[in-house]
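As a plain string of letters, each chain reads:
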Amino acid sequence: MSTAVADIPHGTPAESSRVNYLNANYGIRSWLLTTDHKRIALLYLASITLMFFVGGAFAVLMRLHLIEPQGALVEPDTYNKLFTMHGVIMIFFFLIPSIPATLGNFLVPMMIGARDLAFPRLNLLSWYIYIVGSIFTLYAAITGGLDTGWTFYTPYSSTYSHTQVVPVALGVFITGFSSILTGLNFVVTIHKMRAPGLTWFRLPLFIWAMYATSIIFILGTPVIAITIFLLGLERLLHIGIFDPAIGGDPILFQHLFWFYSHPAVYIMILPGMGVMSELVTCFSRKRIFGYSFVAFSSMAIAVISFLVWGHHMFVTGQSIYAGLIFSALSFLVAIPSAIKVFNWTATLYKGSISYQAPMLYALGFIGLFTMGGLTGLFLASLATDVHLNGTYFIVAHFHYIMVGGAVMAYLGGIHFWWPKITGRLYPDGWARFAALIIFVGFNLTFFPQFMLGYLGMPRRYAVYPAEFQVLNVMSSAGASILGVGYLIPLIYLIWSMRYGPVAGPNPWKAKGLEWETSSPPPTENFEEIPVVTEEAYDYANPNLGVPRV
Amino acid sequence: MDQQHEAGNLGMWVFLVTEIMFFGGLFACYTIYRALHLEAFETGSRLLEVQFGAANTAVLIGSSLTMALAIHAAQAGKRKSHIIFYLILTMILGALFLGLKFTFEWHHDYIEHLVPGFGFAYTGPYAPGVEMFFCFYFFMTGLHALHMIVGLGVLTVLTIMAARGRFSAEYYYPLEVSGLYWHFVDIVWIFLFPLLYLIGGRYAMGGGH
Amino acid sequence: MSGHIVPVRIYLGVFLALLALTALTTAVAFYDLGKWNTVAALAIAVTKMLLVILFFMHLKYSSGLTRLILLAGFFWFALLVALTLSDELTRNWTPPPGPWSALLPFLHRLIL
């Protein structure tokens, strides 16, 4: 049975005027000096939304340029800067912080029945660090940009590029500490601040996903920090450890870079998988199938993700024996992801499914993430990777996972928890329309790129052979639809903050401690710390979402 | 022990793990290049002055002792002057370490033209590899020194807090958590000393493996 | 983690042991033991590290969680080194040297 918007329980106007974290204090200082995890989450939401559209603008320029085989818009040197800045901004300033810094910051304390994170001031500091890093990167973007690719490979980045390597590297270096502090905060909070009765195996799977992501933040980010640091030193001193003149190995840079950057892609997808478990259960009115499998697979992904980085280097001159090891391990890392997809699908089976916007995003995720993941196997295999590396196949593969997967999960989560965060309902009709537009636009943009890659079109090229034009034009057309699709939620979500119907504490009738307090929550989250007695996702239990406030 | 104390401790240990990976990247590169260019690294290592490295190691070990004693003084409810005494002693030893390093070692190396990027001019055997070795020497000891300077800053704050009577047998966890950081910096040096100063061996030159 | 107060004499004992080990590692460097020089230096450094961690940093009196976290840190560092070395040291292995060449037919079937 599907539930129309009219059936979603609304809150009374009195509920929206009660004191909550949004109206507890007024004035810009109360926001910029807040230590409330919920306000910090909103600070992050505003910042990363801005960065998303900046990164998106670079993508728009790229797709416009690629309408013609000889390039329609910019010089090749400028094109190099476009794809580099698109990558740097989208990866480091949008995807990596996205769900952890917004939904994670907002929900982790609430889902475990705590009043805040373990280190609220470190949380605020991490946002300021993110802002400083963003400023350096945006400064670099407007003063000449960077053309090395987001991967900063030496020796081009250390010696030969004449672009703003150091400011961008500095921006990325600084922002890395924002991630580290967030991860540290989450790990300590989840270990030490769970409500009474909330054992590990009663935790929402979103928390397991945040925990696994935090492990990667903690163990991986410092390595890219030192790598970027060394790159900066080599660029400034004109001597360094990647310099072949003194026996250095440029490939060593790649080892260090990918040691973080591969687990980083799991930083980008694991939180989305956490959101998925919440959405799929709520909108099928069923408990998750295989809770412990999903929980353990999150941890397995976090661990195994560190063992596979060499698959980015199969054609760089890396030893073939190392290549063999990395290839085998890369096949292994697909298994826990697949386990999750099976469990979500099994959860859907015989569920009572409704198709509100969050569920549309979740269903889109399952299909698109599976495609992205399966195409990853083509790339994990040494032999096929030789053909596909450096082509648009790779571009399509990672966009299916990052955009078709992570961004859709992010949007699904934003919609799902929007009533909790803002106390307002968004217009679900528009939301479903936008979800469909995004789905169509996304596939039209990126499916042709699989074909282009297979046919041999290289990535990061400003020009291409004329026979690829039709597919490129299709891709650019899709990109314009996708762009419109992203603008629609921006408009109605902002609109809803002022004009949307007031939401009650639990408009979706979902399970979870965050739904047992008012929408928006009070600053201290709960009037009394809850005591947990039931398992997660206990949708069979008729006591649904009875608010404690 | 109260929740904030436990959380703070756990948080600092997690932070130290990030530091292990941060220095670890450098140590990993060092391991690889040493494996690939052993003779060059040995040659470079012999150009460092062991006595300063050893003396600095002793200084830093002493500062770890005084730090532990500062925490102990707080735990045992001693008067604040005890805590301040040990904190200042720790800072003096830390500053001594930095002083020895910058004025005797680094300055000396600069005069000998052994600083890559700043007039490096070595004409002995394995010159490119020796330059690589000195890159590692300065990067690793430099990063370590940076962490020491931050540590001195933290100690200054702690001393001020102690002077204001903030610490007691019930509340000393900032000392404990900062102590963990200080000991970690000591441990990094415990590895840097043999890995940088003692590679080539100090037996008769020309003797090989 | 504390609550537990370590007696001063233990701190002093650890301090003296650390100084002694420093003297030892310096002295050993003046003798030619071939590759055992490196082994000795690392073994002594690890011992010193353990003394600092267990006693100065109170790990001996800390929870299993803290020890697990620290262990994870060292393990991950080891992973970084091991897998990177697996590339850097085997680049010129055509064919693989010594006993590794027994794997060659098996590897051929995998690659080709």
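**Structural notes on the overall build of chain A**
Piece 1. For chain A, the count of helices and strands is 17 helices and zero strands.
Piece 2. Relative to its length of 549 residues, chain A is compact, with a C-alpha radius of gyration of 23 Å against a globular reference of 24 Å.
Piece 3. C-alpha extents for chain A along the principal axes are approximately 70 × 45 × 45 Å.
Piece 4. Across chain A, contacts joining residues at least 24 apart in sequence account for 83% of those joining residues at least 6 apart.
Piece 5. Summed over its atoms, the accessible surface of chain A is roughly 19000 Å², and 70% of this surface lies on carbon and sulfur atoms.
Piece 6. Between the averaged position of the 26 positive side-chain charges in chain A and that of its 23 negative side-chain charges there is a distance of 8 Å.

**A closer look at the domain arrangement of chain C**
All names here are of chain C.
Piece 1. According to the domain assignment, chain C contains domain 1 (1-62) and domain 2 (64-94).
Piece 2. Relative to domain 2, the C-alpha centre of domain 1 lies at a distance of 23 Å.
Piece 3. With five residues of domain 1 at the contact, the number on the domain 2 side is five residues.
Piece 4. Both faces considered, domain 1 and domain 2 share a buried interface measuring about 440 Å² in area, 68% of it formed by carbon and sulfur atoms.
Piece 5. On the domain 1 side of the contact with domain 2, Ile53, Leu59 and Ser62 bury the most area, a combined 75% of that side's loss.
Piece 6. One can count zero salt bridges joining domain 1 with domain 2.

**Observations regarding the interface of chain B and chain A**
Piece 1. Between chain B and chain A, the residue contacts involve 30 residues of the former and 32 residues of the latter.
Piece 2. When chain B packs against chain A, close to 2600 Å² is buried across both sides, 82% of that on carbon and sulfur atoms.
Piece 3. Three residues stand out in chain B for area buried against chain A, namely Met21, Phe22 and Phe139 of chain B, and they jointly supply 22% of the buried area on that side.
Piece 4. At the surface where chain B touches chain A, the tally comes to one salt bridge.
Piece 5. Residues Glu6 of chain B and Lys192 of chain A are paired through a salt bridge, measuring 2.7 Å at the closest nitrogen-oxygen approach.
Piece 6. The tally of links from chain B across to chain A stands at five residue pairs in polar contact (both at pLDDT 80 or more).
Piece 7. Contributions of two or more residues to the side of chain B that touches chain A are made by helix H1 (3-36) and helix H5 (127-163) of chain B.

**A short note on the packing of aromatic side chains**
Residues and elements named next belong to chain A.
Piece 1. Going through the model one piece at a time under the given rule, you end up with 70 aromatic pairs over all chains.
Piece 2. Note on Phe93 and Tyr130: the rings are 6.0 Å apart at their centroids and 55° apart in plane angle, and the pair reads as tilted. Of this pair, Phe93 sits in helix H4 (residues 76-95) while Tyr130 sits in helix H6 (residues 120-142); the two residues are 37 residues apart in sequence, bridging distant segments of the chain.
Piece 3. Residue class for Tyr130 comes out buried when judged on its relative accessible area of 1%.
Piece 4. Seen from their ring centres, Trp344 and Phe365 are 5.7 Å apart, and the 85° between their planes marks the pair as edge-to-face. Separated by 21 residues along the polypeptide, Trp344 in helix H12 (residues 320-348) and Phe365 in helix H13 (residues 357-380) bring together distant segments of the chain. The exposure classification of Trp344 matches that of Phe365, with both residues buried.

**Things to note about the side chain of Ser178 of chain A**
Piece 1. Summarising the element assignment, Ser178 of chain A is placed in helix H8 (residues 165-192).
Piece 2. Polar contacts involving the side chain of Ser178 of chain A include one to the main-chain carbonyl oxygen of Ser126 of chain A, which spans 2.9 Å.

**Topic: the interface of chain B and chain C**
Piece 1. With 50 residues of chain B in contact, the opposing surface of chain C contributes 49 residues.
Piece 2. Surface buried jointly by chain B and chain C totals about 4200 Å² across both partners, of which 81% is contributed by carbon and sulfur atoms.
Piece 3. Counting the contacts that link chain B with chain C gives zero salt bridges.
Piece 4. Only H1, helix H3 (50-75) and helix H6 (173-197) of chain B provide two or more residues apiece to the side of chain B that touches chain C.
Piece 5. Take the side of chain B that touches chain C: its biggest share by element is 18 residues, from H1 of chain B.
Piece 6. Tallied by class, residues from the side of chain B that touches chain C come to 32 nonpolar, 13 polar and five charged.

**A word on unusual backbone geometry**
Residues and elements named next belong to chain A.
Piece 1. Here the residue pair Thr154 and Pro155 is connected by a cis peptide bond, since its omega of -5° sits within 30 degrees of zero.
Piece 2. Here Pro155 is to be found in the loop between H6 and helix H7 (156-160).
Piece 3. Cis peptide bonds are those with omega within 30 degrees of zero, and the linkage from Ser519 to Pro520 qualifies with -10°.
Piece 4. Structurally, Pro520 can be placed in the segment after helix H17 (469-499).
Piece 5. Unlike most non-glycine residues, His238 shows phi in positive territory, near 60°.
Piece 6. Locating His238 in the fold gives a position in the loop between helix H9 (205-237) and helix H10 (250-284).
Piece 7. Since its relative accessible area comes to 66%, His238 is described here as exposed.

**Examining the nonpolar core**
Soluble globular proteins tend to pack their nonpolar side chains together in the buried interior.
Piece 1. Grouped together as the largest cluster of nonpolar side chains are 297 residues, with contacts concentrated most on Phe92 and Ile241 of chain A together with Phe136 of chain B.
Piece 2. For this core, the leading source of residues is H10 of chain A, giving 21 residues.
Piece 3. Counting residues domain by domain, this core receives three or more from each of domain 1 (1-62) and domain 2 (64-94) of chain C.
Piece 4. Residue contacts for Ile241 of chain A: discarding those within four places in its chain leaves Leu230, Glu234, Gly248 and Asp249 of chain A together with Cys29, Tyr33, Met132, Cys135, Phe136 and Phe139 of chain B.

**So, the packing of H13 of chain A against helix H16 (residues 428-455) of chain A**
Residues and elements named next belong to chain A.
Piece 1. Look at H13 against H16: their axes get within 9 Å of each other, and the N-to-C directions meet at 10°. One way to sum up the angle between H13 and H16 is to call them roughly parallel. Seen along the crossing, H13 lies across H16 with a hand that is left-handed. In this structure, H13 contributes Ala357, Pro358, Leu360, Tyr361, Gly364, Leu368, Met371 and Thr375 to the contact, and H16 contributes Asp428, Ala431, Arg432, Ala434, Ala435, Ile438, Phe439, Phe442, Asn443, Phe447 and Phe450.

**Some remarks on the environment of Thr18 of chain B**
Piece 1. Assignment of secondary structure puts Thr18 of chain B in helix H1.
Piece 2. Taking the relative accessible area as the measure of exposure, Thr18 of chain B reaches 4% and is therefore buried.
Piece 3. Between the alpha carbons of Thr18 of chain B and Ser168 of chain B there is a distance of 30 Å; along the sequence they are 150 residues apart.
Piece 4. Ignoring anything within four residues of it in the chain, the contact list for Thr18 of chain B reads Ile180, Ile218 and Pro222 of chain A.

Conventions used here
Residues numbered from 1 in each chain as written. Chains lettered and ligands numbered in written order. Predicted model: local features only at pLDDT ≥ 70, side-chain atom pairs only at ≥ 80, totals over all residues. Heavy atoms only, no water. Helix = DSSP H or I, 4+ residues; strand = E, 2+ residues; numbered from the N terminus. Rg over C-alpha atoms; globule rule 2.2 N^0.38 Å. Contact = heavy atoms within 4.5 Å. Areas by Shrake-Rupley, 256 points an atom, 1.4 Å probe, with all protein chains shown as cover. Lys, Arg positive; Asp, Glu negative; His and termini not counted. Charge placed at Lys NZ, Arg CZ, Asp CG, Glu CD. Domains from an automatic or database assignment. Buried area = accessible area lost by both parts, 1.4 Å probe. Salt bridge = Lys/Arg side-chain N within 4 Å of Asp/Glu carboxyl O. Polar contact = N/O pair within 3.5 Å; in protein donor to acceptor, adjacent residues only side chain to side chain. Phe/Tyr/Trp six-rings, centres within 6.5 Å; stacked < 30°, edge-to-face > 60°. Buried < 20%, exposed > 50% of the residue type's maximum accessible area, 1.4 Å probe, protein only. Nonpolar A, V, L, I, M, F, W, Y, C, P; charged D, E, K, R; others polar. Core = buried A, V, L, I, M, F, W, Y, C linked by side-chain atoms within 4.5 Å. Axes fitted to C-alpha atoms, helices over the stretch in contact; angles between N-to-C directions. Parallel < 35°, antiparallel > 145°, perpendicular 65-115°, else oblique. Left-handed = near helix turned anticlockwise from the far one by under 90°.

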